[in-house]
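Listed here are the chains, written in short residue letters.
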2 protein chains.
Amino acid sequence: MGKEASRKLEWRINVSDGVSERLEPETGAILRAWTWFKRLMLGGFILKICKFLEKAWNLAVDEPKKVIHGLKVGLAISLVSLFYYMRPLYDGVGGNAMWAVMTVVVVFESSVGATLGKCINRAIGTFLAGSLGVGVHWIAFHSGKNLEPIVLGISLFLLASAATFSRFMPTIKARFDYGIMIFILTFSLVSVSGYRVDRLLELAQQRLSTIAIGASICIIISMLFCPMWAGDELHLLICQNLEKLAHSLDGIHNKTSTAKDEACSKKMKGYRCALNSKATEELKANFARWEPAHGRFSFRHPWKQYLKIGASIRNCAYCIETLHGCVDSETQAPPHLKRHLNNICMRLSSSSSNVLQELAFALKTMKQSSKINLSVGEMNFAVQELKHALISLPNHNISIKNPSPSTVEASGNCNTEPITSIRASSSFMEILPLATLASLLIENAAKIEVIVNGVNELAVLAEFKPTTDNKKSKSNQSPKKLTSENQDPETVKIPQKV
Amino acid sequence: MGKEASRKLEWRINVSDGVSERLEPETGAILRAWTWFKRLMLGGFILKICKFLEKAWNLAVDEPKKVIHGLKVGLAISLVSLFYYMRPLYDGVGGNAMWAVMTVVVVFESSVGATLGKCINRAIGTFLAGSLGVGVHWIAFHSGKNLEPIVLGISLFLLASAATFSRFMPTIKARFDYGIMIFILTFSLVSVSGYRVDRLLELAQQRLSTIAIGASICIIISMLFCPMWAGDELHLLICQNLEKLAHSLDGIHNKTSTAKDEACSKKMKGYRCALNSKATEELKANFARWEPAHGRFSFRHPWKQYLKIGASIRNCAYCIETLHGCVDSETQAPPHLKRHLNNICMRLSSSSSNVLQELAFALKTMKQSSKINLSVGEMNFAVQELKHALISLPNHNISIKNPSPSTVEASGNCNTEPITSIRASSSFMEILPLATLASLLIENAAKIEVIVNGVNELAVLAEFKPTTDNKKSKSNQSPKKLTSENQDPETVKIPQKV
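Bear in mind the structure is a predicted one, so any value in this text is a computation, not a measurement.

A.B. asks: When you look at the overall build of chain A in this model, what are you seeing that I'm missing?
C.D. replies: When its secondary structure is counted, chain A shows 20 helices and 4 strands. Here chain A holds 498 residues, and 48% of them are scored as buried. Pairs at least 24 apart in sequence give 79% of the contacts found in chain A among residues at least 6 apart. As displayed, chain A has an accessible area near 25100 Å², and 62% of this comes from carbon and sulfur atoms.

And the structure:
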């Protein structure tokens, strides 16, 4: 193949006397090398493009919403182009139609809330800056030929500086960042172009009408064709994070029971998504506040409460992160002791996971869960069980001598293993990893209660409907605020099946 | 005062027969109420504005950099306005000078990297879209009068959709998000305006030159006047997070020794800043990659390594968050036992804090720390000490019977309290909070070692200079990769003063 290439690469050059001359063989070798190099480079380039396309394909398959958004933007831009293609429209809006195109490109975001927010920001920013610009221009015009550029320049400098600084204020940045940028842009354009063009008001009116056309096309398309609501996304994100925490807790229980496989380990690390979701949650909550009533959400849906719940979910995720670190460290405790404590830890982690799953379900359906109090009771019971097991563990012989009624009740419930087989001499260091795990699980249960309170508050604020089949039991068992004081097994209704 | 107000509020209206008529007293009451309401509203509004201004003032005092950025933007916009105010410049650039203003407003960001990135993105996006737009326009023009709008429309739809979708790809989003938006904008403007305007190439050239003027003004001002480098900010952020973690660990030690005051508790919660810094770090690292060599940083400074260090700092912060939860729970252990364990925990937490402070110092000065190995050795020694204390704790009588040499050595070093006074019968549950604290501190030490490794890798990649005064000791003690295996007290050089 190398030979064939060299045969094909017989280059001829025309020299000045008109005779074509054959290139020397050594040039052929260089050329061959160059071709190889080119192929290699081209191959690498094509490989990169292929990889990129593969990634894009995977993304499109995973999240078809993103493809739909792309098509929506394409549609909106094509529609707005009609203002140039069609004569009658063109005559109406004129050369400023460019601003309609620009509005669509800049304003169209993937969620309805973001698009609406940007449109409103753009409209208000343009209007305010336009009127202020005309005012400043009027003052400058009436202050004489010499002072005019000075007045305009100073006002531009001061307003641009102040507005830019205000973009750093957290309250402004969250909701009006884009509006202020548009304010600066419009004000400088008006005050600058006003110096040349006399028909400022006409220009401003044209500009506003084109922006209105662009913005309304964006809003109509983003709300009518497969609308993506930031509120829906925030709601879903919180539900998913709750479910992921639940799976991670289940994962701990699987891990301690030595069942380790790949799919399980992936599920177990789901809590990591919750660790860094703060920025996303805040962004979505900000966008959601611009959105009108849609689906199950009213206009003034308590989006801020979602942020509170998100914060407590993250708090819980930090604890689970530490928990996973503890599970990884090898325990040297004697196997029977390990099994005994593991069983109780397992029960606590699975009942905690149940609470989280119950919360996720309640949020998803937006109905007051009838089972949540029962699940929390179960979790608190498991906490007490674990505490008793820890108390009666190393100095078991002591606690046997003076048995308190609650200890007997708890140990009677939980011990599948004969407790007398535990050596009193087992070293503290041997049990420590397990004890830490247990202690963190207890801590985690307290954090889960904070989430429960957060969701209960949301249920009140957003007026979640009670579940229809349990209306009777609900009247006795309303979603009261849970505090860590009621963890006492005497006050918690002990479930029949733990 | 109420009477005085009512006297002043004697309104008169002119009726049609020319006689002014006094308003009735009942109308006066309504008016008074209205004035009160207005005052209340106005007061509320003024109060809000005052609060806003106060916040702005505080922000300005806290971070003068933000004020400087505002002034810089004002300066850049005023400068670019010269292109309109001054005749000769105006004649050169023409009506397109608007694009220069727009470029400045949109492109000027607070850090040099962000500004440069946006400028480069804007230039490349405009150039690519411009040439592609002209090409498509040429094809459309040569495909006949009827097909022209169809070809343009379809190409616009397809390109806009594909480009919008590509903005969702993580690799594109991180570096070229703005460029792609500009690509879509320019392509639609070119292909749309090309339908009307015949002098496309001239227009494109004008557009590019104005953008170049705007961009170069931005770059010059952002680089010459008090430049704010994203790289510097990232470097500082990581240093500060390390210091905050160190203070938080010191805080734990203060908290356990029952010294609780306000200032201390604020310092102690500094680790919370590190918990949610991921988004900021990634943003700054992305911007930093656009920046040229400046100060101590070369063009290809390993910014990605900062992200790795940041991740391990966060990991450590999660652990500290759990630790703080443990410290809050009340310990019922007997006081002498509490004091004994507390002393050793304190030593570990303060030596861990030392390591972090040493790392922060090494990063800040960008010099290989000569003390870091010693500090890590001290920390590992404290870990061993704590482990031994835990081993010898509840079944102390057992470990006394068969004393291993290392146990004796460790206990000989650390016990200020006569160890025989510890009751063997102290319940497991009583020591559990302290034991959990100890176990988490040990876990935390392992996480700190990951940070040490990260910083050591950075020292190699960024070629940190060795400290001049310790050159000799450095040759024996190069910054080797630390693993948790060398925690054995026999391999760690025992410091004289712990």
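A.B. asks: Any chance you could explain unusual backbone geometry here in plain terms?
C.D. replies: Most peptide bonds adopt trans geometry, and most residues besides glycine take a negative phi value. Residue and element names in this part refer to chain A. With phi around 55 degrees, M366 is a residue other than glycine that occupies positive phi space. Topologically, M366 is positioned in the loop between α15 (335-365) and β3 (367-368). According to the relative accessible area criterion, M366 is buried, its value standing at 9%.

A.B. asks: Is there a simple way to explain the relation of the copies chain B and chain A in this structure?
C.D. replies: Both copies of the chain are related through a single rotation about an axis accompanied by a shift along the same axis. For the pair chain B and chain A, the best superposition has an RMSD of 0.1 Å and corresponds to a rotation of 180 degrees with a translation of 0.1 Å parallel to the axis. Overall, the copies show the geometry of a two-fold rotation axis. Same-surface contact between copies: 100% of interface residues of chain B are shared with the interface of chain A.

A.B. asks: Looking at this model, I keep getting lost on the side chain of S248(A). Mind explaining?
C.D. replies: All names here are of chain A. Residue position: S248 is located in helix α10 (residues 230-256). At 3.1 Å, the side chain of S248 and the backbone nitrogen of Y271 are in polar contact. Among residues more than four places away in sequence, those in contact with S248 are K267, M268, K269, G270, Y271, I320 and H324.

A.B. asks: How should I be thinking about the packing of helix α6 (residues 112-141) of chain B against helix α7 (residues 147-166) of chain B in this particular structure?
C.D. replies: Residues and elements named next belong to chain B. Across the interface, α6 lies against α7 with an axial gap of 8 Å and an inter-helix angle of 150 degrees. Classified by the angle between their axes, α6 and α7 sit roughly antiparallel to one another. The two elements α6 and α7 meet at a crossing, and its hand is right-handed. Residue-level inspection shows L132, V136, H137, A140 and F141 of α6 in contact with α7, the latter providing E148, V151, L152, S155 and L159. Of the residues contributing to the contact of α6 with α7, the split by class is 7 nonpolar, 2 polar and 1 charged.

A.B. asks: Help me understand the pattern of salt bridges in this model?
C.D. replies: Any two side chains of opposite charge can pair, so long as their charged atoms come close to each other. Residue and element names in this part refer to chain A. Evaluated as defined, the whole model comprises 18 salt bridges over all chains. Between E233 and K284 there is a salt bridge, with the nearest N and O atoms lying 2.9 Å from each other. Placement of the pair is E233 in helix α10 and K284 in helix α13 (residues 278-288), with a sequence separation of 51 residues. By relative accessible area, E233 is classed as partly exposed at 21%. With a closest N to O distance of 2.8 Å, E243 and K364 form a salt bridge. Of this pair, E243 sits in helix α10 while K364 sits in helix α15; the two residues are 121 residues apart in sequence, bridging distant segments of the chain.

A.B. asks: Can you help me understand the interface of chain B and chain A in this one?
C.D. replies: Frequently, the measure chosen for interface size is the accessible area that the parts lose on association. With 79 residues of chain B in contact, the opposing surface of chain A contributes 79 residues. Both sides of the chain B and chain A interface together cover about 7200 Å² of buried area, and 75% of this is carbon and sulfur. Seen at the junction of chain B and chain A, the total is 0 salt bridges. If you look at where chain B meets chain A, you find 5 residue pairs in polar contact (both at pLDDT 80 or more). Examining the composition of the side of chain B that touches chain A, we find that 13 residues originate from one element, helix α3 (residues 64-85) of chain B, more than from any other. Looking at side-chain class alone, the side of chain B that touches chain A contains 47 nonpolar, 22 polar and 10 charged residues.

A.B. asks: Explanation requested: the packing of helix α5 (residues 97-107) of chain A against helix α9 (residues 200-224) of chain A in the structure shown.
C.D. replies: Residues and elements named next belong to chain A. Where α5 meets α9, the closest approach of the two axes is 8 Å, and the angle between their N-to-C directions is 40 degrees. Classified by the angle their axes make, α5 and α9 are oblique. Every pair of crossing elements has a handedness; the one defined by α5 and α9 is right-handed. On the side of α5, the interface is formed by A97, W99, A100, T103, V104 and V107, while α9 contributes R207, T210, I211, G214, A215 and C218. Of the residues assigned to the contact of α5 with α9, the class counts are 8 nonpolar, 3 polar and 1 charged.

A.B. asks: What is the right way to look at the confidence of the model for chain A in this model?
C.D. replies: Any residue range with low pLDDT should be treated as having predicted coordinates unsuitable for detailed reading. Residue and element names in this part refer to chain A. Confidence in the prediction of chain A, expressed as mean pLDDT, is 76, and 73% of residues score 70 or more. By mean pLDDT, helix α17 (residues 396-401) is the weakest element of chain A at 34, and α13 is the strongest at 90. This stretch, residues 1-24, has a pLDDT under 50; its non-local contacts, to residues over four places away or in other chains, come to 21 contacts. In the model, residues 395-425 has pLDDT below 50 throughout and makes 37 contacts with residues more than four positions away in sequence or in other chains. Both scores are available for the predicted complex, with the pTM at 0.76 and the ipTM at 0.76.

A.B. asks: What am I meant to see in α5(A) here?
C.D. replies: Side chains three or four residues apart in an α-helix point the same way, a direct result of the helix having 3.6 residues per turn. Summarising burial for α5(A): 11 of the 11 residues are buried, a large majority. Here α5(A) has its buried residues at A97(A), M98(A), W99(A), A100(A), V101(A), M102(A), T103(A), V104(A), V105(A), V106(A) and V107(A).

A.B. asks: I'm lost on α9(A) in this one. Help?
C.D. replies: All names here are of chain A. With 25 residues, α9 should cover 36 Å at 1.5 Å per step; its first-to-last C-alpha distance of 36 Å lies within 8% of that length. Those residues of α9 that sit buried are L200, L203, R207, T210, I211, G214, A215, I217, C218, I221 and S222. Two residues or fewer past α9, C226 is found with a positive phi of approximately 40 degrees.

A.B. asks: Looking at this model, I keep getting lost on the packing of aromatic side chains. Mind explaining?
C.D. replies: Between two aromatic rings, the relevant description is the distance of the centres plus the angle of the planes. Residue and element names in this part refer to chain B. Summed over all chains, the structure comprises 9 aromatic pairs over all chains. On the numbers, 6.4 Å between centres and 10 degrees between planes, the contact of F183 with F187 is stacked. On the criterion of helical spacing, the pair formed by F183 and F187 is a turn pair, its members being 4 residues apart in helix α8 (residues 170-193). As far as the burial class goes, F183 and F187 line up, both buried.

A.B. asks: Is there a simple way to explain the environment of I68(B) in this structure?
C.D. replies: Residue and element names in this part refer to chain B. Positionally, I68 belongs in helix α3. For the pair I68 and M228, spaced 160 residues apart in sequence, the C-alpha to C-alpha distance is 9.9 Å. Ignoring anything within four residues of it in the chain, the contact list for I68 reads C226 and M228.

A.B. asks: Sorry, what's going on with the environment of G135(A) here?
C.D. replies: Residue and element names in this part refer to chain A. For G135, the location among the structural elements is in helix α6 (residues 112-141). Among the residues examined, G135 registers a relative accessible area of 28% and is labelled partly exposed. Note: C-alpha distance between G135 and S191 (56 residues apart in sequence) is 9.4 Å.

A.B. asks: Please explain a nonpolar patch on the surface as it appears in this structure.
C.D. replies: A surface patch of nonpolar side chains, amounting to about 460 Å² of accessible area, comprises L75(A), L79(A), I220(A), L224(A) and F225(A). Position of L79(A) among the secondary structure elements: in helix α3 (residues 64-85).

A.B. asks: Would you explain the environment of S312(A) in this entry?
C.D. replies: All names here are of chain A. On the secondary structure map, S312 appears in helix α14 (residues 303-328). As for S312 and I448, which are separated by 136 residues in sequence, their C-alpha atoms are 8.0 Å apart. The residues contacting S312, other than those within four sequence positions of it, are V450 and I451.

A.B. asks: Please explain the state of the cysteines as it appears in this structure.
C.D. replies: All names here are of chain B. If you walk through the whole model with that rule in mind, you get 0 disulfides over all chains. Of the cysteine sulfurs around C226, a residue in no disulfide, the closest is that of C218, at 16 Å. Just so you know, C316 is unpaired, no disulfide at all, and the nearest cysteine sulfur is the one on C319, 6.6 Å from it.

Reading the values: the criteria
- Residues numbered from 1 in each chain as written.
- Chains lettered and ligands numbered in written order.
- Predicted model: local features only at pLDDT ≥ 70, side-chain atom pairs only at ≥ 80, totals over all residues.
- Heavy atoms only, no water.
- Helix = DSSP H or I, 4+ residues; strand = E, 2+ residues; numbered from the N terminus.
- Buried < 20%, exposed > 50% of the residue type's maximum accessible area, 1.4 Å probe, protein only.
- Contact = heavy atoms within 4.5 Å.
- Areas by Shrake-Rupley, 256 points an atom, 1.4 Å probe, with all protein chains shown as cover.
- Least-squares fit on C-alpha atoms with pLDDT ≥ 70 in both.
- Polar contact = N/O pair within 3.5 Å; in protein donor to acceptor, adjacent residues only side chain to side chain.
- Axes fitted to C-alpha atoms, helices over the stretch in contact; angles between N-to-C directions.
- Parallel < 35°, antiparallel > 145°, perpendicular 65-115°, else oblique.
- Left-handed = near helix turned anticlockwise from the far one by under 90°.
- Nonpolar A, V, L, I, M, F, W, Y, C, P; charged D, E, K, R; others polar.
- Salt bridge = Lys/Arg side-chain N within 4 Å of Asp/Glu carboxyl O.
- Buried area = accessible area lost by both parts, 1.4 Å probe.
- pLDDT = per-residue confidence, 0-100.
- Expected span 1.5 Å × (residues − 1).
- Phe/Tyr/Trp six-rings, centres within 6.5 Å; stacked < 30°, edge-to-face > 60°.
- Patch = residues over 30% accessible without salt bridge, like charges linked within 9 Å, V, L, I, M, F, W, Y side chains within 5 Å.
- Disulfide = S-S within 2.5 Å.

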